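Geometric and topological summary
Take a look at the letters that make up each chain.
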Amino acid sequence: MLTVIGLEKRYDSATALENVSFELSPGELAILVGRSGAGKTTLLRCLNGLERPSTGTIRLGDEPPEPTDIALVFQEGALLDSKSALENVLDGGLGRESVWREVFGWHAPAEKRAAVERLHAVGLAGDADRRVGDLSGGERQRVGIARAVHQEPQVILADEPVASLDPATARNVLDQLAALVRREQVVGLVSLHQPRLAQEVADRYLALESGRLTLDAPAAEVDPEQIAEVYDG
Amino acid sequence: MGESGSDGRSESAVDPVDRKPGSGLRSDADAAREEAITVDGEFDRIQRRWRRRLLGRVAVVVSLLAVVLATARWMGFDLAYLYAHRDNLRDVLVEEMLAPAQLWAQLQGDAPTLVPATLETLAIAGVGTAIGLPFAVCFGLLAASNVTPRVVHAPVRLFLGGVRAVPSMVYALLFVILAGLGPVAGALAIAMGTIGDLGRLFADEMEEIDATPVEAVASSGGGLVATTAAARVPQVATAYVAWVLFYLEINARKSAVLGIVGAGGIGYPLIMAFNARNYTRVMAAIVAILVLVVSVELVANRVRDALDADRRSTQ
């Protein structure tokens, strides 16, 4: 269970997040909607620990989360183009493996096997050796997901993971994310700009407007009109 | 693999995971390929490949080490000899070069020659960089493969390589024939070095730029010069300024030794002191060089910081 209580983030004079509180359960994929500048990225970065919230509490179960507990899938993958798909996925395990293994590129066989498995799980069988720079947008994003899974987190966050993909590929990437959240029984929180895509995978909706949480409800109880309104204002 | 091909495959690849029926994009060949690759099979293949690669790397490192050791031996590198003669260097260092009172007296006595010589060195570096810079910019742009066609950039690159192949000392000797003994020959030598080195660095930097904004400007109808001014130069301007300042530092250091061949600056008193085996005087000249180089570096850093601050405030 991921619990967020009274989260606030202020930059100098601007307030990016204001008193945001919610709870998410394992195996549940929550879709975070909101217009550009509503605070979605800030919320995800605060949860991930890339930014420090000004006030508020984040708990995983009863404890504050460790850095390795929460994985973030970035907008365009944020992968290293010159490395192979496998090496990028192995980077997800940096929190576990000793530093010298990364320095010399000498990963433990068990780690490598696990990383190959993660690639197979996102449908990239046989692509472990390929340079990430040579992959298509959809494939890259799935390498990003595999890297997040390889972190063995309890929470997977994704910041507009399909923003630059065509509808069919976007659907495919989201399906992968949804499948893995359910299979691994982790908490999933994904920000999206496409309400129709969201409807196909969402278990729960969170909506942000100007840094405030204006909707927090199971997908079954949410009228699609409500989501459309978030974007239309 | 093309965009459409890979996306077709990625569509088919979803099936094993979420068991969604009816993925019409899946071809039989793709399906067969997917099923043929097992996790164990791929892992074994990668393990074998990584082991081969590791062996290859170890072999390269070992042979490089062997080559270096063999070459050092061939040169006559002999640690025992160096160790046996360690006292020679120690005596010179401790008794003549690094004796504070002696050095201070020498500095005061030599100030009338050292100060003008240091200023002359600075002038050689500054004027030489200034003369070389416009040529470096022109040749740098011409040598970039994303600015000019191959018939232009290939020969210009070759020319820059040739210019770079000649050491500054040799240029200085040549320009002494043209300009006579003195700092003019030094400044010309520094200019040549600047053209060769900075031209190459400018070209390399230019080749790293993002092509998209260039295409955007070109699609609005701009020619080569217009697109270069509007979309290429703005992408490299900051880096170019940083390189120029860095080169000013390097040139200050280079100018300090050109006097050895009569091309002006502090190198002349330095070599005279060496020839006279007056190591305290040598050290005094080294101190002057140190002050010069560090001052240039400090000023260059200040300029860089000021430019950074300026850029940030206008953004």
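Note that the structure is predicted; figures quoted are calculated from it, not measured. (Residues numbered from 1 in each chain as written. Chains lettered and ligands numbered in written order. Predicted model: local features only at pLDDT ≥ 70, side-chain atom pairs only at ≥ 80, totals over all residues.)

**Quick notes on the overall build of chain A**
On a plain count of helices and strands, chain A comes out with eight helices and nine strands. For a compact globule of 233 residues, the expected C-alpha radius of gyration is about 17 Å, and chain A comes in at 18 Å, within 12% of that figure. Principal axes of the C-alpha set define a box for chain A whose edges measure 50 × 35 × 30 Å. Counting only residues that meet the buried cut, chain A has 48% of its 233 residues in that class. Considering only residue pairs separated by 6 or more positions, chain A has 72% of its internal contacts joining residues 24 or more positions apart. (Helix = DSSP H or I, 4+ residues; strand = E, 2+ residues; numbered from the N terminus. Rg over C-alpha atoms; globule rule 2.2 N^0.38 Å. Buried ≥ 20, exposed ≤ 12 C-beta atoms within 10 Å, placed from the backbone. Contact = placed C-beta atoms within 7 Å.)

**Here's the deal with the domain arrangement of chain B**
The domains assigned to chain B are domain 1 (28-77) and domain 2 (97-314). Measuring from the centre of the C-alpha atoms in domain 1 of chain B to the corresponding centre in domain 2 of chain B gives 41 Å. (Domains from an automatic or database assignment.)

**Looking at the sheet that holds strand β6 (residues 155-159) of chain A**
All names here are of chain A. The mixed open sheet is built from six strands, whose spatial order is β5-β6-β7-β3-β8-β9. Each end of this open sheet is capped by a strand with a single partner; those strands are β5 (70-73) and β9 (212-218). Within the sheet, the average angular offset between the axes of one strand and its neighbour, ignoring direction, is 15 degrees. Here β5 pairs with β6 via four bridges, running parallel. Across the sheet, the residue bridging to A71 is I156, located in β6. Sitting on the sheet, helix α5 (residues 137-150) touches β5 and β6, and the angle it makes with β5 is about 175 degrees. Contacts between helix α8 (residues 224-232) and the sheet are confined to β3 (29-33), β8 (204-209) and β9, with β8 contributing the most and set at about 25 degrees to the helix. (Pairing = 2+ DSSP bridges. Axes fitted to C-alpha atoms, helices over the stretch in contact; angles between N-to-C directions.)

**Quick notes on the pairing of β8 of chain A**
Residue and element names in this part refer to chain A. The buried fraction of β8 is high, at five of six residues. With four bridges connecting them, β3 and β8 associate as parallel partners. Residue pairing in the sheet places V33 in a bridge with A207 of β8. Of the strand pairs in this sheet, β8 and β9 are connected by six bridges, and their pairing is antiparallel. By the bridge assignment, L206 is partnered in β9 with D216. Remark: two residues form the turn of the hairpin made by β8 and β9, two consecutive strands paired antiparallel; S210 in that turn has positive phi of roughly 50 degrees.

**As for the domain arrangement of chain A**
Residue and element names in this part refer to chain A. Considered domain by domain, chain A is made up of domain 1 (1-34 + 45-65 + 155-166 + 183-233) and domain 2 (77-153). Distance between the C-alpha centres of domain 1 and domain 2: 26 Å. Residue-level contacts link eight residues of domain 1 with six residues of domain 2.

**Overview of unusual backbone geometry**
The backbone of N19 of chain A sits at a positive phi, close to 45 degrees, despite the residue not being glycine. The residue N19 of chain A is located in strand β2 (residues 14-24) in this model. For R277 of chain B, which is not glycine, the phi dihedral falls at a positive 55 degrees. Here R277 of chain B is to be found in the loop between α13 (267-275) and α14 (279-314).

**Remarks on the sheet that holds β2 of chain A**
Residue and element names in this part refer to chain A. Read across the sheet, three strands follow the order β2-β1-β4 without closing on themselves; strand pairing throughout is antiparallel. Edge positions in the open sheet fall to β2 and β4 (55-60), since each of these has one partner strand only. Between one strand and the next, the sheet's axes are offset by a mean angle of 15 degrees, whatever the strand orientation. Here seven bridges tie strand β1 (residues 2-11) to β2, and the two strands are oriented antiparallel to one another. In the sheet register, T3 faces β2, and the bridge partner there is E23. Its contacts with the sheet place helix α1 (residues 40-48) against β1, β2 and β4, and it is angled at close to 65 degrees to β2.

**Details of the packing of helix α7 (residues 100-142) of chain B against helix α12 (residues 224-258) of chain B**
Residue and element names in this part refer to chain B. Following both chains from N to C, one finds α7 and α12 inclined at 150 degrees, their axes separated by 9 Å at the closest point. Both α7 and α12 take part in a crossing whose hand is right-handed. For the pair α7 and α12, the contacting residues are T121, L122, I124, A125, G128, T129, L133 and L141 in the first and T228, V244, Y247, L248, N251, A252, S255, A256 and L258 in the second. When the residues that make up the contact of α7 with α12 are grouped by side-chain class, the tally is eleven nonpolar, six polar and no charged. (Left-handed = near helix turned anticlockwise from the far one by under 90°. Nonpolar A, V, L, I, M, F, W, Y, C, P; charged D, E, K, R; others polar.)

**Some points on the nonpolar core**
If you look at the biggest cluster of nonpolar residues, it comprises 70 residues, and the most contacted ones within it are I31, A85, L119, I156, L157 and L177 of chain A. Apart from residues no more than four positions distant in its own chain, L157 of chain A is found in contact with L44, L47, N48, I70, A71, L72 and L189 of chain A. Within the second largest apolar cluster, 53 residues are counted, among which are A143, A185, L188 and V257 of chain B. (Core = buried A, V, L, I, M, F, W, Y, C linked by C-beta atoms within 7 Å.)

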